[in-house]
Amino acid sequence: MRLTINFLMKKARMKSNGEIPIYVRFTLNSRRVELSTGIYCLSETWDETGQQIRGRNEKARILNNRLNKIEDDIQDHYNQLKSSGDDFDVTTIKNRLLNIDDSEGILKVFDYYLKNMHQKLGKGYSKETYKHYKSSRKRLGEFVRKFIKRKDYPVEKVDYKFLEAFDVYLKKEYKVHQNTAWNYHKHTRRVLNLAVSMDLIKKNPYSKYQVPLAETNRDFLTATELNAIQDKEIKIKRLDAIRDIFVFACYTGLSYSDIAKLHKDHLRIGIDKNEWIFIDRTKTNNRCRIPVLPVAKFILEKYQNTSHYKVKGLLLPVLTNQKMNSYLKELADICGVNKELTMHMARHTFATTVTLSNGVPLETVSKILGHTNLKTTQIYAKILDQKISDDIKQLQTKLESKKQDRI
């Protein structure tokens, strides 16, 4: 039983500045593991033979010390396991190195997943996504404590019955909608994928346990309803501002969280020499490039003399999401719109009534909305198809009625 430790460069994962990540590879009994060291360097500064970074400067010295520390830690774990007399393999060493205890379970793996996610905030993960994963960890932890009566549950014992019981718990205790439960399961499934990658389990139990998504009704405003809100004279300053923010969302497709952080620095001159909004979406961190339509531009100019703009550089006086949605109900009443207005509806209205209904290609709408998958945007196209179908049915009814009148 001989342990070998080597460092290597992963040139396929080179950063845009030319730096290449250094990985550590350790092999035992023909089985090997590769892990990122978190260290980067240029190709010409890496000494493959000496397994060190070339140079006598302070940076090279610090990075080489880190490499030596990693090698020493792997060797120490190997020596300790060997002297214990217990059976072990290269995965056992890896788990010791990553501070993952095989005797602990799914919550431990979830915590490790969250720790890595937190370290990558702004670099692949948003704060919003991290918050949602923490919520899923909390619900799963409650389930394990209350119904299984344990602090943690061995990850290798997570099976169909466990996942089904978790699903029942979510729907019974929290009355969650099917799609909300689906999100909790999505996060748990990804954590279990990590467990597979770490060789803690051989197969993800979600391969047998399927969680369906329920058909959603993405309500939106018709052109008539949007015009009714736009054109309504509102003398109450508070509601007037809420109306403007809602209409702005209808003409940009931005979510509440993105509008809340919208800063004057996000306004730039686009390829057509007109004003555009360049912003990274809070939810996905995807870059959105949005031409500022005349209605949206008028609203932005209206609030350039407010304290929000002068002091903080924020383009609109956005309130909390709870207050916004509360005032939107009031707005719907005074505008005669018989729908529950939300900031989500404004985004749906942009996708359907403002863009797709006016011939804007699906791919363009998808880019503006910052969707990571075109299938997400296609949902809006299906909504429009349903609207066409309903309108044609009404037309057929009218035509049949006129035909009967002639008879």
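Preceding this paragraph is the structure being described.
Residues numbered from 1 in each chain as written. Predicted model: local features only at pLDDT ≥ 70, side-chain atom pairs only at ≥ 80, totals over all residues. Heavy atoms only, no water.

*Asks:* Give me the overall build of the protein: which residues, what numbers.
*Replies:* Each helix and strand in the protein was counted, giving 15 helices and eight strands. Since a compact globule built from 407 residues should have a radius of gyration of about 22 Å, the 28 Å found for the protein marks it as more spread out than a globular shape. The C-alpha extent of the protein, read off along each of the three principal axes, is 95 × 55 × 40 Å. As displayed, the protein has an accessible area near 24,000 Å², and 48% of this comes from carbon and sulfur atoms. One way to put it: in the protein the 74 positive side-chain charges average out to a point 1 Å from where the 48 negative ones average out. (Helix = DSSP H or I, 4+ residues; strand = E, 2+ residues; numbered from the N terminus. Rg over C-alpha atoms; globule rule 2.2 N^0.38 Å. Areas by Shrake-Rupley, 256 points an atom, 1.4 Å probe, with all protein chains shown as cover. Lys, Arg positive; Asp, Glu negative; His and termini not counted. Charge placed at Lys NZ, Arg CZ, Asp CG, Glu CD.)

*Asks:* Just give me the short version of the nonpolar core, but keep the residues and values in it.
*Replies:* By size, the foremost hydrophobic cluster in this structure holds 50 residues, and its most contacted members are I229, F246, F248, I259, I277, L316 and L341. Counting only elements with at least two residues in this core, the list comes to α7 (223-231), α8 (237-252), β7 (275-280), β8 (287-291), α10 (294-302), α12 (321-335), α13 (343-355) and α14 (362-369). In terms of residue count, the dominant contributor to this core is α8 (10 residues). When neighbours within four sequence positions are excluded, L341 is seen to be in contact with L221, I229, F246, N325, L328, L331 and A332. Residues I106, Y113, F143 and L163 belong to the second largest nonpolar core, which totals 34 residues. (Core = buried A, V, L, I, M, F, W, Y, C linked by side-chain atoms within 4.5 Å. Buried < 20%, exposed > 50% of the residue type's maximum accessible area, 1.4 Å probe, protein only. Contact = heavy atoms within 4.5 Å.)

*Asks:* Let's hear about the sheet that holds β7: which residues, and what values?
*Replies:* With respect to topology, three strands assemble into an open sheet ordered β6-β7-β8, the strand pairing being antiparallel. Of all strands in the sheet, those bounded by a partner on one side alone are β6 (267-269) and β8. Strand-to-strand, the axes of this sheet are offset by a mean angle of 35°, without reference to chain direction. Examined bridge by bridge, β6 and β7 share three bridges and lie antiparallel to one another. Its bridge partner being in β7, I269 is matched across the sheet by E275. (Pairing = 2+ DSSP bridges. Axes fitted to C-alpha atoms, helices over the stretch in contact; angles between N-to-C directions.)

*Asks:* Summarise the pairing of strand β3 (residues 31-41); cite the residues concerned and give the values.
*Replies:* Examined bridge by bridge, strand β2 (residues 20-28) and β3 share nine bridges and lie antiparallel to one another. Its bridge partner lying in β3, R25 is registered against E34. As consecutive antiparallel partners, β2 and β3 are separated by two residues, and within that stretch N29 has a phi angle of approximately 50°, a positive value.

*Asks:* Pulling in residues and values, what's your account of α7?
*Replies:* Buried within α7 we find E225, L226 and I229. Across the axial projection of α7, the buried residues extend over an arc of 100°, all falling on one side. For α7, the exposed residues set more than 90 degrees away from the buried face come down to T224 and D231. (Arc of directions from axis to C-beta.)

*Asks:* Hey, could you go over the packing of helix α5 (residues 160-173) against helix α6 (residues 178-197) for me, with residue numbers and the actual values?
*Replies:* Packing of α5 against α6 brings their axes to within 10 Å, and their N-to-C directions diverge by 140°. Judged by the inter-axis angle, α5 sits oblique to α6. Along this stretch, α5 crosses α6, giving a crossing that reads as right-handed. Contacts between α5 and α6 involve L163, F166, D167, L170 and K171 from the former and Q178, A181, Y184, H185 and T188 from the latter. Among the residues forming the contact of α5 with α6, the class breakdown is five nonpolar, three polar and two charged. (Parallel < 35°, antiparallel > 145°, perpendicular 65-115°, else oblique. Left-handed = near helix turned anticlockwise from the far one by under 90°. Nonpolar A, V, L, I, M, F, W, Y, C, P; charged D, E, K, R; others polar.)

*Asks:* Explain a nonpolar patch on the surface to me, using residue names and the numbers behind them.
*Replies:* On the surface, a cluster of nonpolar side chains totalling about 260 Å² of accessible area is made up of I392, L395 and L399. As for its position among the elements, L399 is in helix α15 (residues 374-406). (Patch = residues over 30% accessible without salt bridge, like charges linked within 9 Å, V, L, I, M, F, W, Y side chains within 5 Å. Salt bridge = Lys/Arg side-chain N within 4 Å of Asp/Glu carboxyl O.)

*Asks:* Requested: an account of the state of the cysteines, with residues and values cited.
*Replies:* All chains considered together, the criterion is met by zero disulfides. Sulfur of C250: no disulfide; nearest cysteine sulfur belongs to C335 and is 11 Å away. Take C250: its relative accessible area is 0%, and that puts it in the buried class. (Disulfide = S-S within 2.5 Å.)

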